[in-house]
Amino acid sequence: MNVDDEAKKVIWSLQNNKRSEAERNVFEPTGKKPMNKNVVYIFSAIGITLLMSFALSQFSKEATYFCFLIENFCFNSEENPIAYAFYIFMNLWILILGIGIAYLIGKKLGDRFKI
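A brief structural summary.

What counts and what doesn't
Numbers given to residues run from 1 along each chain, matching the order in which its sequence is written. This being a predicted model, a pLDDT of at least 70 is required before a residue's local features are given, and a value of 80 or more before pairs of side-chain atoms are given or counted; all residues contribute to the totals for chains, interfaces and linings. Each side-chain value is derived from all of the structure's non-hydrogen atoms; neither hydrogens nor water enter the calculation. The helix count covers DSSP runs of H or I at least four residues long, the strand count covers runs of E at least two residues long, and both are numbered beginning at the N terminus. Buried means the residue's accessible area, taken with a 1.4 Å probe over protein chains only, is under 20% of the maximum for its type, while exposed means over 50%, and partly exposed covers the values in between. It only takes one pair of heavy atoms within 4.5 Å for two residues to be counted as in contact. Surface accessibility in these figures is a Shrake-Rupley result with a 1.4 Å probe; residues are shielded only by whichever protein chains are displayed. Here an axis means a line fitted to C-alpha atoms, over the contact stretch when the element is a helix, while the angle between two N-to-C directions is reported on a 0 to 180 degree scale. Any angle that falls under 35 degrees is termed roughly parallel, while one over 145 is termed roughly antiparallel, one within 65 to 115 roughly perpendicular, and all others oblique. Put simply, a crossing is left-handed when the front helix is turned counterclockwise from the back one by less than a right angle, and right-handed when it is turned clockwise.

1. Focus: the overall build of the protein
- Of the regular secondary structure elements, the protein holds three helices and two strands.
- Counting from the amino terminus, helix and strand elements in the protein follow one another as α-α-β-β-α.
- For the protein, buried positions account for 11% of its 115 residues.
- Long-range pairs, those at least 24 residues apart, make up 39% of the contacts in the protein with a sequence separation of at least 6.
- When the accessible surface of the protein is split by element, carbon and sulfur atoms take 63% of a total near 11000 Å².

This is the structure in structure tokens:
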């Protein structure tokens, strides 16, 4: 069974080159540098974590007694719900940073000791 090679010809352009040169050059680079979105991502992550910590503090049914760094700076979760939400926020970021630092250390050790 012989198949004609002309039948296998693929047309890659959907317009069959019907566009003019000006229409093809519409999407050329403008020379502007794209905006650095790292700051937006960092503030978004902080905001989402703050909202999550406030939501998590609302799910707590029992009163919790917690302290910030020293024993003299303690609060009750029912009397100060915003301080309790900030306490949860700090704990979440300590966990996130701990996981990130452990990943970086593991990656450096893995690169150094290749098996």
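Read on for the rest.
2. Looking at the side chain of T49
- Of note, T49 is situated in helix 2 (residues 38-59).
- You can call T49 buried: its relative accessible area is 8%.
- With residues up to four places along the chain from it excluded, the contact list for T49 reads F89, L92 and W93.

3. Structural notes on the packing of helix 2 against helix 3 (residues 81-112)
- Running from N to C, helix 2 and helix 3 point in directions that differ by 125 degrees, and their axes come no closer than 8 Å. Taken together, helix 2 and helix 3 sit at an angle that is classed as oblique. In terms of crossing hand, the pair formed by helix 2 and helix 3 is right-handed. Contacts between helix 2 and helix 3 involve A45, I46, T49, L50, M52, S53, F54, L56 and S57 on the former and, on the latter, P81, Y84, A85, I88, F89, L92 and W93.

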